[in-house]
Amino acid sequence: SQELEQSPQSLIVQEGKNLTINCTSSKTLYGLYWYKQKYGEGLIFLMMLQKGGEEKSHEKITAKLDEKKQQSSLHITASQPSHAGIYLCGADMSGANSKLTFGKGITLSVRP
Amino acid sequence: SAVISQKPSRDICQRGTSLTIQCQVDSQVTMMFWYRQQPGQSLTLIATANQGSEATYESGFVIDKFPISRPNLTFSTLTVSNMSPEDSSIYLCSVELGYNEQFFGPGTRLTVL
């Protein structure tokens with residue numbers, strides 16, 4: 001089974017709408033990373049969360065890590081076409097090294 | 001953050017041949033990683049490459065197929081050997097900066113015919 005589950009698999013929203021996507025693990029995470037990927041390109045680092053209950057924001061994107069450090073959400077406010085892409089969560093699941101395990105990604109489309 | 005470049009950005013190769021992918025960082029980093037992203041799939045770690053030591057490979061990946069070099073703190077190469085169509089993927093290098101922050105290169109899109 002997938003160690004990191006991302007939901008929903010894909011999402012289509014109207015420009016200007018808010019949205020939330022999720023990343024869930026059955027294990028406690030030592031670090032949770034959010035990346036954005038344009039189709040066929042590299043990963044753009046968005047945010048990294050480590051502490052239970054931590055929340056970080058950058059421009060219109062806010063990421064949270066729950067107190068148990070097993071679930072993270074990414075919220076986009078007033079979505080724009082530039083937000084479209086694949087959102088990947090990656091996690092350090094061992095704490096002993098920096099190897100990341102990734103979810104399958106969420107494809108976000110924003111309709112103008 | 002860091003500026004990470006990869007060469008080539010894309011290539012089309014014949015089966016049975018080998019391709020070496022380069023990863024260059026604009027600052028010295030201890031840990032570099034190589035990932036593979038097969039079509040429609042997420043990223044899978046191939047190996048961890050630390051300068052001055054042998055690369056550490058993940059389960060399912062072997063040195064004969066994916067030899068890695070790490071000659072200094074700003075550069076690494078990954079070779080995909082004896083390629084088959086199943087090796088068609090995006091190959092990405094990443095580096096760890098600061099406290100557990102990982103940044104990725106732009107990727108190398110490989111198509112094997």
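The rules we used
Residues numbered from 1 in each chain as written. Chains lettered and ligands numbered in written order. Predicted model: local features only at pLDDT ≥ 70, side-chain atom pairs only at ≥ 80, totals over all residues. Heavy atoms only, no water. Helix = DSSP H or I, 4+ residues; strand = E, 2+ residues; numbered from the N terminus. Rg over C-alpha atoms; globule rule 2.2 N^0.38 Å. Buried < 20%, exposed > 50% of the residue type's maximum accessible area, 1.4 Å probe, protein only. Contact = heavy atoms within 4.5 Å. Areas by Shrake-Rupley, 256 points an atom, 1.4 Å probe, with all protein chains shown as cover. Lys, Arg positive; Asp, Glu negative; His and termini not counted. Charge placed at Lys NZ, Arg CZ, Asp CG, Glu CD. Phe/Tyr/Trp six-rings, centres within 6.5 Å; stacked < 30°, edge-to-face > 60°. Buried area = accessible area lost by both parts, 1.4 Å probe. Salt bridge = Lys/Arg side-chain N within 4 Å of Asp/Glu carboxyl O. Polar contact = N/O pair within 3.5 Å; in protein donor to acceptor, adjacent residues only side chain to side chain. Nonpolar A, V, L, I, M, F, W, Y, C, P; charged D, E, K, R; others polar. Pairing = 2+ DSSP bridges. Axes fitted to C-alpha atoms, helices over the stretch in contact; angles between N-to-C directions. Disulfide = S-S within 2.5 Å.

Undergrad: Help me get a handle on the overall build of chain B, residues and values and all.
TA: Counting its regular elements, chain B contains zero helices and 11 strands. Secondary structure elements in chain B, listed N-terminal to C-terminal, are β-β-β-β-β-β-β-β-β-β-β. Against the 2.2 N^0.38 benchmark of 13 Å for 113 residues, chain B shows a C-alpha radius of gyration of 13 Å, consistent with a compact globule. Dimensions of chain B along its principal axes, counting C-alpha atoms only, are 40 × 25 × 20 Å. Split into buried and exposed, the 113 residues of chain B put 51% on the buried side. When contacts within chain B are restricted to residue pairs at least 6 apart in sequence, long-range pairs at least 24 apart make up 53% of them. Accessible surface for chain B amounts to roughly 5300 Å². Of this, 48% is attributable to carbon and sulfur atoms. Where the 7 positive side-chain charges of chain B centre and where its 9 negative ones centre are 9 Å apart.

Undergrad: Provide a residue-level description of the overall build of chain A, including the pertinent values.
TA: A count of helical and extended segments in chain A gives zero helices and 11 strands. Mapped in sequence order, the helices and strands of chain A form the string β-β-β-β-β-β-β-β-β-β-β. Against the compact-globule benchmark of 13 Å for 112 residues, chain A has a radius of gyration of 13 Å, which places it among compact chains. C-alpha extents for chain A along the principal axes are approximately 45 × 30 × 20 Å. The buried share of chain A, reckoned over its 112 residues, is 47%. Look at the contacts in chain A between residues 6 or more apart in sequence, and 54% of them connect residues 24 or more apart. Total accessible area on chain A stands at roughly 5500 Å², and carbon and sulfur atoms take up 46% of it. Measuring between centres, the 13 positive side-chain charges of chain A sit 2 Å from its 10 negative side-chain charges.

Undergrad: Please set out the packing of aromatic side chains residue by residue, giving values where relevant.
TA: One pass over the structure, following the stated rule, counts nine aromatic pairs over all chains. Ring geometry for Tyr35(A) against Phe45(A): centres 5.8 Å apart, planes inclined by 70 degrees, an arrangement best described as edge-to-face. Here Tyr35(A), found in strand E4 (residues 31-37), pairs with Phe45(A), found in strand E5 (residues 43-49); they are 10 residues apart in sequence, far enough to count as distant. The residues Tyr35(A) and Phe45(A) share a single accessibility class, namely buried. Put simply, the rings of Tyr33(A), Tyr35(A), Phe45(A), Phe102(A), Tyr35(B), Phe103(B) and Phe104(B) pair up and form one aromatic cluster.

Undergrad: Would you mind going over the interface of chain A and chain B in detail, with residue names and values included?
TA: Opposite the 18 residues of chain A that make contact, chain B presents 21 residues. Broken down residue by residue, the surface that chain A buries against chain B is led by Leu43(A), Ser98(A) and Lys99(A), which jointly contribute 29%. In this assembly, chain A and chain B are joined by one salt bridge. With its nearest N and O atoms 3.2 Å apart, the salt bridge here joins Lys99(A) to Glu58(B). Across the contact surface, chain A and chain B share six residue pairs in polar contact (both at pLDDT 80 or more). Residues belonging to the side of chain A that touches chain B are distributed by class as follows: nine nonpolar, six polar and three charged.

Undergrad: Help me get a handle on the sheet that holds strand E3 (residues 19-25) of chain B, residues and values and all.
TA: Residues and elements named next belong to chain B. In space, the four strands of this open sheet follow the order E1-E3-E8-E7, with antiparallel pairing throughout. Each having just a single partner strand, strand E1 (4-7) and strand E7 (68-72) make up the two edges of the open sheet. Between one strand axis and the next, the sheet turns by 15 degrees as a mean value, whatever way the strands run. As defined by bridge partners, E1 adjoins E3 across four bridges and the pair is classed as antiparallel. Directly across from isoleucine 4, in E3, lies its bridge partner valine 25.

Undergrad: Let's hear about the state of the cysteines: which residues, and what values?
TA: Residues and elements named next belong to chain B. Enumeration over the complete set of coordinates arrives at two disulfides over all chains. Through a disulfide, cysteine 23 is tied to cysteine 93; the S-S separation comes to 2.0 Å. Taking the sign of the S-S torsion, 70 degrees for the link of cysteine 23 and cysteine 93, the bridge is right-handed. Taken together, the residues cysteine 23 in strand E3 and cysteine 93 in strand E9 (residues 89-97) connect sequence positions 70 residues apart. Each of the two residues, cysteine 23 as well as cysteine 93, counts as buried.

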